[in-house]
Amino acid sequence: MKGRSPRASRRGHRSSVTLQGKAITQGIGLGPAGRVEELSLPEISERFSAIGPEAELVRLDEAIGRALHQIDKMRDRLVGLPEEGREEIAMLLTVYERMLGPSRLTRQIRARIEEDGLCAEAAVDEVSEALALQVARTAEAMAQENEDQDADANLRLAGEFEEIGRRLLRNLSGISYRAFSSMPPGSVLVAEQLRPADVAMIDPARVAAVVTEGGGGADHTAILLRALDIPAILAVPDLMAQVQEGEMLVVDGHLGTITLSPGETELRLAREAAQKEAKEKRAFGRLKRLPAQLHGGEPIELLANLELPAELPMILRNGAKGIGLLRSEFLFGEHDDLPDEDGQAATYRSIVEAMDGRPVTIRVLDWGGEKGRACMRRLGISEHVADGDNPALGLRGIRLLLRVPEVLETQFAAILRAAMPHDGQDTPGPVRVLLPMVTSADEITAAREIYEKVARRLKRKGHTLPDPLPPLGIMVETPAAALTADTLAQHADFMALGTNDLTMYTLAVDRADSMVADRYTPLHPGVLKLVGMAADAALRARRPVSVCGEMASVPQIVALLIGLGLRSFSMNSASLPRVKRLLRTLSLEDCDQLRRQVMMETDAETIRQLVRQFAP
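- The name given to the protein chain in an unreviewed UniProt entry is Phosphoenolpyruvate-protein phosphotransferase, with Gluconobacter morbifer G707 as the source organism.
- Per UniProt, the protein chain carries the Cofactor (unreviewed entry) text "Mg(2+)".

**Section: the sheet that holds strand β8 (residues 257–260)**
One key point about sheets: their strands pair by backbone hydrogen bonds, in either a parallel or an antiparallel sense.
Turning to step 1, where the next piece is worked out: In spatial order, the strands read β1-β8-β7-β3-β4-β5-β6-β2; together these eight strands make up an open sheet with mixed pairing. The open sheet has two free edges, formed respectively by β1 (17–20) and β2 (22–25), since each of these has just one partner strand. In this sheet, neighbouring strand axes are inclined to one another by 30 degrees on average, regardless of whether the strands run parallel or antiparallel.
Turning to step 2, where the next piece is worked out: Pairing geometry for β1 and β8, over four bridges, is antiparallel. When the bridges of β8 are listed, Gln20 appears paired with Thr257.

**Structural notes on the packing of aromatic side chains**
Turning to step 1, where the next piece is worked out: Scanning the entire structure with this criterion turns up one aromatic pair.
Turning to step 2, where the next piece is worked out: Summarising the aromatic geometry, the rings of Phe412 and Tyr451 are spaced 4.9 Å apart at their centres and angled 65 degrees between planes, so their arrangement reads as edge-to-face. Taken as a pair, Phe412 in helix α16 (residues 405–418) and Tyr451 in helix α17 (residues 441–460) lie far apart in primary sequence, 39 residues in all.
Turning to step 3, where the next piece is worked out: A residue is classified by how much of its surface remains accessible, and Tyr451, at 1% relative accessible area, is buried.
Turning to step 4, where the next piece is worked out: Above the plane of the ring of Phe494 lies Arg432, whose end atom (NZ or CZ) is 3.8 Å from the centre.

**Some points on the UniProt feature "binding site: Mg(2+)" (unreviewed entry) in the protein chain**
Turning to step 1, where the next piece is worked out: The feature "binding site: Mg(2+)" (unreviewed entry), as given by UniProt, occupies Glu477 and Asp501 in the numbering adopted here. In three dimensions, the annotated residues from a span of 25 residues occupy one location, with a maximal C-alpha spread of 5.3 Å.
Turning to step 2, where the next piece is worked out: Relative to the helices and strands, Glu477 resides in the loop between β13 (472–476) and α18 (479–483).
Turning to step 3, where the next piece is worked out: Contacts of Glu477, omitting those with residues within four sequence positions, involve Asp366, Arg396, Pro436, Met437, Gly498, Asp501, Leu502 and Tyr505.
Turning to step 4, where the next piece is worked out: In this structure the side chain of Glu477 is engaged in a polar contact, spanning 2.6 Å, whose partner is the backbone nitrogen of Met437.
Turning to step 5, where the next piece is worked out: Among the structural elements, Asp501 can be located in helix α20 (residues 499–507).
Turning to step 6, where the next piece is worked out: If we ignore the near neighbours within four places in the chain, the residues touching Asp501 are Arg396, Met437 and Glu477.
Turning to step 7, where the next piece is worked out: A polar side-chain atom of Asp501 sits 2.6 Å from a polar atom in the side chain of Arg396.

**Digging into the nonpolar core**
Turning to step 1, where the next piece is worked out: Within the largest apolar cluster, 107 residues are counted, with the highest numbers of intra-cluster contacts made by Phe412 and Phe569.
Turning to step 2, where the next piece is worked out: There are two domains that each give this core at least three residues, and those are domain 3 (322–470) and domain 4 (475–615).
Turning to step 3, where the next piece is worked out: Ignoring anything within four residues of it in the chain, the contact list for Phe569 reads Ile300, Glu301, Leu302, Leu303, Val547, Ala552, Val558, Leu561 and Ile562.
Turning to step 4, where the next piece is worked out: Counting 53 residues, the second-largest nonpolar core is a separate cluster that includes Ile64, Leu118, Phe180 and Ala191.

Conventions we followed
Residues numbered from 1 in each chain as written. Predicted model: local features only at pLDDT ≥ 70, side-chain atom pairs only at ≥ 80, totals over all residues. Heavy atoms only, no water. UniProt positions renumbered as here; feature names shortened; annotations may be inferred. Pairing = 2+ DSSP bridges. Helix = DSSP H or I, 4+ residues; strand = E, 2+ residues; numbered from the N terminus. Axes fitted to C-alpha atoms, helices over the stretch in contact; angles between N-to-C directions. Phe/Tyr/Trp six-rings, centres within 6.5 Å; stacked < 30°, edge-to-face > 60°. Buried < 20%, exposed > 50% of the residue type's maximum accessible area, 1.4 Å probe, protein only. Lys NZ or Arg CZ within 6 Å of the ring centre and 35° of its normal. Contact = heavy atoms within 4.5 Å. Polar contact = N/O pair within 3.5 Å; in protein donor to acceptor, adjacent residues only side chain to side chain. Core = buried A, V, L, I, M, F, W, Y, C linked by side-chain atoms within 4.5 Å. Domains from an automatic or database assignment.

Below, the structure written as structure tokens:
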């Protein structure tokens, strides 16, 4: 570690200053700043080898061996971390190990050494940088097309290439990594940049909070910090130039602010808030063991949405009773080719097994329209990319998959294999299959024919499948689907209300368009009436129905939805404890009273106020 001594870097007392960044982990942390700075890598002055390819390959293999040994040492340190963080970091270390094996990265590095005569440092530098740049450009194209989820996945992959490249370069040059062990306990870790491997070396018991100048909310570093549950703020402009070693900091992970040299009143309020949060976390820990039910004992199903396997520890930590929406797009955004059946099946099975008997609902690929366009071009199905003025109204979801049935067949086969009975069980695995953007019954019929055809093919190959097959359900995301939900329910085994898209299509509002974003509200009377109609239709047809949009993440809105007849909700895992806490204080009468008040109103702002102020 390289840093300034507290005595040398302290200046006289100054008024408090507040910096703003990207809040990653909610929480309040306070303590003296512990600055850590990374030793720079030396410039590569000679790019061509003076000792020959064979000797360079030996040096490369030694650097890879040291990197694998370093990863093993990181694994040894995981024992002392919280269970959620331990599992999270372990998964990332496995990714690093694979990249150091016979991967695209190492194959190209070896080729540059053998064929172009580069030294090991130059080959590592050029290849890792080129691969990272390639996927980063793909991410940039996705971001321009509002494909944030796919862009985030590619940015994480770019970061993995960069991290392995840096690790190999450090091992080749003998420049060590920074260490955090010399920081005084209770310090706020202040750094220009933290990489996932750095997070693996942090002891949460010794660090009050983490703030960095670089980073973002969707990268691996952010995911790992959330798993460790350390108050953290990233992407703080000019952080290192403004924070002094040993200076007292207050980190507010709710607001995304860092207060430098806080006054006595600010410090007292921060300590009180931190104590209150600690008490609340202990209460949430107890709440996890309690059932999700209303005050009168009526059960409510609280599930979690899953974007990435890396979020599994957080889902389990927050007490989810299953995965109500597994978005499978992450498998398709990180490959040069469409993912094959074996690879998909292994990933799905690992998630099903990690949930340990809890239900898992896997939504098949939801691309098309404005989603996944850059990846579709990269994967060779660009003829289905909509180029019109209204891509959201083009080929998307099940419409697209029925045009490329080989993609749907492969995914169906992988899901069915992941749901196979195992460990002596003769009942179906807790798996359900979800079709996106369904608007008519013929789409369900066509998809079911493919589903059953795939099942017959697998059986002919000797695979043992669940009997009956896992349920095949639909997303209700358009006004057409909500208005005809009674008909669709006759063809679907279950229904999930995707209220984000339902709101967008009902109100003709794109949240990404700043000119109309203020018009987007799921509490619009029209949206609520469609939600109520779809829920009624599912209940009349005796079909399970859930809500998996953002409405399910707001406790007061969940109370309203219960009043509308819904009992199953899937949300981001961080919202689970707060939703459960409120529900356990409510009665059915409370929820129904809220419904009656809301459904009498015709103004969205009035409805928002009623919901916001709702209290039993």
